[in-house]
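# An overview of the molecular structure
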Amino acid sequence: MNELGIVFVAELLRRLRSRIFWLATVAGVVAIAFIIEAPLFFESLAHSSSSDIVLAGPPALRAGAKPLLERKGAYRIVASVHTLPAHVTVDYLTKHGDAGAAIALSERAGRLRVDVYPRDLSAFDEVEFRSLAPLGVELGTGLAPARVERAATIEHVVHPLDAKFKDTRSATLAHAVAFTLIFMLYLAIILGSQSVMSAVAEEKTSRIAEILIATIDPVHLLYGKTLAATAIALVQIGLWIATGAALLPNAAAQLAAAGSGNASGSAAATPEASALLSVDPGLLVAFLAFFVLGYLQYAAIYAAAASLVSRTEELGSVTTPIILPVLGAFFVAQYALVTPDAPVVIVCSFVPFLSPFVAFTRLAITEVPVWQVVLEIAVNVVTVVSCFWAAGKIYRVGMLLYGKLPSPRQVFAALRS
Amino acid sequence: MLVVDRVSRSFGSVAAVRDVSFRVEPGSVFGLLGPNGAGKTTTMRMILGIYVPDGGSIRWKDRAIDLRVRRAFGYLPEERGLYGKMSVRDQIAYLGRLHGLEPEVARDRAAQWMDVLGIAAYAKRACSELSKGNQQKVQLASAVLHEPELLVLDEPFSGLDPENAQVVLDCIRRLAQGGTALILSSHQMFQIEDACTAFCIVGDGLVRAGGTLAELRATFPTRIVRVVPDSAPIRAAFLAFGAGEPRAAAPGGLAYELPATTDFAALLRAAVAAGPVESFERHEPTLGQIYARALGGAA
């Protein structure tokens, strides 16, 4: 094994054995599990307190309202009574199926009246009463609710202008997937780069750097550390994606079942779940490619910057200026999510350091011409090579510099050496 | 053989090393001496390829110093450095691996050197948990694990107690006997005088003196003669041979500084002729005296 491989393996093992790596990884897994499971948890809480209702009123009104209220799982009628007591109390709701509200229907002068007694005002969605509109129209006009509904239903067809998505739902999901992945990239770069910087600063402050540089090419040392950090970041991302993939089907199925009132619903039963679980493998490959290219660019620059400090306490002074491009790239990517084909976004997809974020976002949500994809990858490869070249120059000099931070002129001189 | 030929290196406007030349033979121990800021560490770093000389050349076995050549070198820098959280055994083996050793060989030799240096009990301990002296032993083991052809030791005795300094000294001798060329710097003259076969004294980046101890002594312009007793006739005899003002030398004698070219046998005869002589000792200059004179200071 050559020295680059030895450094790579040693760095990989050091990081895998470090508590910080496992803490960050487990924290990420827990966060992803929470994000996936939390809606389910809150949904279960919300269902028992606000969606379950006691329905009161004349039998004919109740019979007409029941299918309208229960449609799409908006409400579940846990008790049906002719009249409500004069004073509806929380205790009454509790005794009647732990309902979230009592709803009394009545007719006055040919108009439908709905009296609502919610347990929690903030959790009660009045908008859902619009579903009773056909019943109100029937009372006023005599038209059957089915005819009213049919007449009120507007037939609409969305015609996508490109072949990327076949409907608005899959486009919306693609945006969600794109956002999630670029957020992962952002998080991995922020966390991972800090880790690279700390490792370099530790070698310098512990003075072992001089032994290493006397033994092997400093550039190989830099490459080994950066590649190991990238591999570790990939392991982390892989674990996080695996966590999502393991939990998502069950969560999607349960949410779908809860939404449709079908306790045995499956993930495939909802288009959302199907779309989430069938992310285009090509998109994942593109994500990994841009992830690796982006991570390498930033990690190399961060390692070089860390080589300029004499003490780990000084890391903050070099971190701030170089963290800005990551923030900028992340924000431009947010803009790209909304207007992926805006000229400024297209230009940004070719700009070093912004490109990994913006180019991937565009790939995820719009049709990108092949020549642009090729150019984006070429720009990123050239950027990685340039970053490693510059980082190697700075690292070689920086690792032996002690005292105050070098001036920009000294850094430039190192680049020219 | 290492040949350092008129190498120079500047940092901005500061000339750290100017036209420094010396040679180091395999199996020899070469002492690089000089005060702080004299250019010793810069010279060592140029030998190791850490710095590129601005001028001159450095060759090992008639080859320029490149990465492959450097792998055959070992280095113990003045500023000690270890991975604090890495275990002693892993640390030594890792640095051995970087010098091209196979994993099994690196582990076996790490065990051997830990035994030699008396740190085997700490094999699994994190380096940061060790005392300063033991950390230095870990570094020494790391520097010699790959059986270097050239070993550069910058202040190897710094911070060591006499017992541990002796362990390092024994190690240096053992390596030299095995054919390793060694370069070491130290401020502790008594240790380096015994250990080294040749020296180079540098000051302000320039070579001020160089050669074996015998050669350095040969160029030293004076010798000290201690004579007992102190008597007027004997003083007169010494003054006749060009001696300077004597200094008191216990017990009851005087120390005279005379030109190195003095005919000491004739001087002894003259002193004996002048009166009874109890003791007549000619002293060769010490390395400390040679060092001080080379740098223009007092011995």
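Remember, it's a predicted structure, so these values are computed and weren't measured experimentally.

## Observations regarding the overall build of chain A
Check the secondary structure of chain A and you find 16 helices and four strands. Within chain A, the proportion of its 417 residues that are buried is 45%. Just so you have it, chain A exposes about 20600 Å², and 67% of that area is on carbon and sulfur atoms.

## Focus: the interface of chain A and chain B
Taken together, the contacts link 22 residues of chain A with 24 residues of chain B. Between chain A and chain B, roughly 2200 Å² of surface is buried when both sides are summed, and carbon and sulfur atoms account for 61% of that area. Of all residues in chain A, A:Glu210, A:Ile211 and A:Thr215 bury the most surface against chain B, accounting for 27% of the area lost on that side. Counting across the interface, chain A meets chain B through two salt bridges. Linking A:Glu3 and B:Arg71 is a salt bridge whose minimum nitrogen-to-oxygen distance equals 3.5 Å.

## What to know about the packing of aromatic side chains
The tally for this structure, following the rule as stated, stands at 19 aromatic pairs over all chains. Considering the side-chain rings of A:Phe291 and A:Tyr295, the 5.7 Å spacing of their centres and the 25° angle between planes classify their relative orientation as stacked. Here A:Phe291 and its partner A:Tyr295 are both found in helix 11 (residues 281-306), four residues apart, which amounts to about one turn of the helix. Residue class for A:Tyr295 comes out buried when judged on its relative accessible area of 2%. Consider the rings of B:Phe11 and B:Tyr51, whose centres lie 5.1 Å apart with planes at 65°: the pair is edge-to-face. In this pair, B:Phe11 is assigned in strand 1 (residues 2-11) and B:Tyr51 in the loop between helix 1 (40-47) and strand 4 (55-60), connecting sequence segments 40 residues apart. On the basis of relative accessibility, which here comes to 13%, the residue B:Tyr51 falls in the buried class.

## A few points about the packing of helix 11 of chain A against helix 14 (residues 355-365) of chain A
Residues and elements named next belong to chain A. It is at 9 Å that the axes of helix 11 and helix 14 come closest, and there the two elements cross at 170°. The angle between helix 11 and helix 14 places the two elements in the roughly antiparallel class. Taken together, the residues of helix 14 that come into contact with helix 11 (itself represented by Leu283, Ala286, Phe287, Phe290, Gly294, Gln297 and Tyr298) are Pro356, Phe357, Ala359, Phe360, Leu363 and Ala364. Its residues assigned to classes, the contact of helix 11 with helix 14 shows eleven nonpolar, two polar and no charged.

## A few points about the domain arrangement of chain B
Residue and element names in this part refer to chain B. Taken domain by domain, chain B holds domain 1 (2-212) and domain 2 (220-294). When each unit is reduced to the centre of its C-alpha atoms, the spacing between domain 1 and domain 2 is 40 Å. Both faces combined, the contact of domain 1 with domain 2 buries some 660 Å², and carbon together with sulfur accounts for 78% of it. The largest per-residue losses of area from domain 1 upon contact with domain 2 belong to Met189, Glu193 and Ile201, which jointly make up 61% of the total buried on that side. Here domain 1 is connected to domain 2 by zero salt bridges. At the surface where domain 1 touches domain 2, the tally comes to two residue pairs in polar contact (both at pLDDT 80 or more). Every element with two or more residues in the side of domain 1 that touches domain 2 is listed here: helix 7 (189-195), strand 9 (198-203) and strand 10 (206-211). When residues in the side of domain 1 that touches domain 2 are grouped by element, the largest group, three residues, is from helix 7. Here the residues of the side of domain 1 that touches domain 2 are counted per class, giving seven nonpolar, one polar and two charged.

## Side note on the sheet that holds strand 10 of chain B
Residues and elements named next belong to chain B. The strand order across the open sheet formed by six strands is 6-7-8-3-9-10, and the pairing between neighbours is mixed. Edge positions in the sheet fall to strand 6 (73-76) and strand 10, since each has one partner strand and no second. On average, adjacent strands in this sheet sit at an angle of 15° to one another, irrespective of strand direction. Bridge analysis of strand 6 against strand 7 (residues 150-154) gives four bridges, and the strand direction is parallel. Across the sheet, the residue bridging to Tyr75 is Val152, located in strand 7. The sheet contacts of helix 11 (residues 287-294) involve strand 3 (29-33), strand 9 and strand 10, and relative to strand 9 the element is tilted by about 30°.

## Some remarks on the nonpolar core
In terms of nonpolar packing, the biggest core is built from 116 residues, with A:Phe357, B:Leu2, B:Phe22, B:Tyr94 and B:Ile183 touching the most fellow members. Per element, the largest residue contribution to this core is 16 residues, and it comes from helix 11 of chain A. Those residues within four positions of B:Tyr94 in sequence are excluded, and the remaining contacts are A:Ile6, A:Val7, A:Ala10, A:Leu212, B:Tyr83 and B:Met86. Within the second largest apolar cluster, 50 residues are counted, among which are B:Leu151, B:Cys171, B:Ile172 and B:Ile290.

## Things to note about the sheet that holds strand 5 (residues 63-64) of chain B
Residues and elements named next belong to chain B. Reading across from one edge, 2-1-4-5 is the order of the four strands in this open sheet, with antiparallel pairing throughout. Edge positions in the open sheet fall to strand 2 (14-24) and strand 5, since each of these has one partner strand only. Pairing analysis gives seven bridges linking strand 1 to strand 2, with the strands arranged antiparallel. Directly across from Val3, in strand 2, lies its bridge partner Arg23.

What counts and how
- Residues numbered from 1 in each chain as written.
- Chains lettered and ligands numbered in written order.
- Predicted model: local features only at pLDDT ≥ 70, side-chain atom pairs only at ≥ 80, totals over all residues.
- Heavy atoms only, no water.
- Helix = DSSP H or I, 4+ residues; strand = E, 2+ residues; numbered from the N terminus.
- Buried < 20%, exposed > 50% of the residue type's maximum accessible area, 1.4 Å probe, protein only.
- Areas by Shrake-Rupley, 256 points an atom, 1.4 Å probe, with all protein chains shown as cover.
- Contact = heavy atoms within 4.5 Å.
- Buried area = accessible area lost by both parts, 1.4 Å probe.
- Salt bridge = Lys/Arg side-chain N within 4 Å of Asp/Glu carboxyl O.
- Phe/Tyr/Trp six-rings, centres within 6.5 Å; stacked < 30°, edge-to-face > 60°.
- Axes fitted to C-alpha atoms, helices over the stretch in contact; angles between N-to-C directions.
- Parallel < 35°, antiparallel > 145°, perpendicular 65-115°, else oblique.
- Nonpolar A, V, L, I, M, F, W, Y, C, P; charged D, E, K, R; others polar.
- Domains from an automatic or database assignment.
- Polar contact = N/O pair within 3.5 Å; in protein donor to acceptor, adjacent residues only side chain to side chain.
- Pairing = 2+ DSSP bridges.
- Core = buried A, V, L, I, M, F, W, Y, C linked by side-chain atoms within 4.5 Å.

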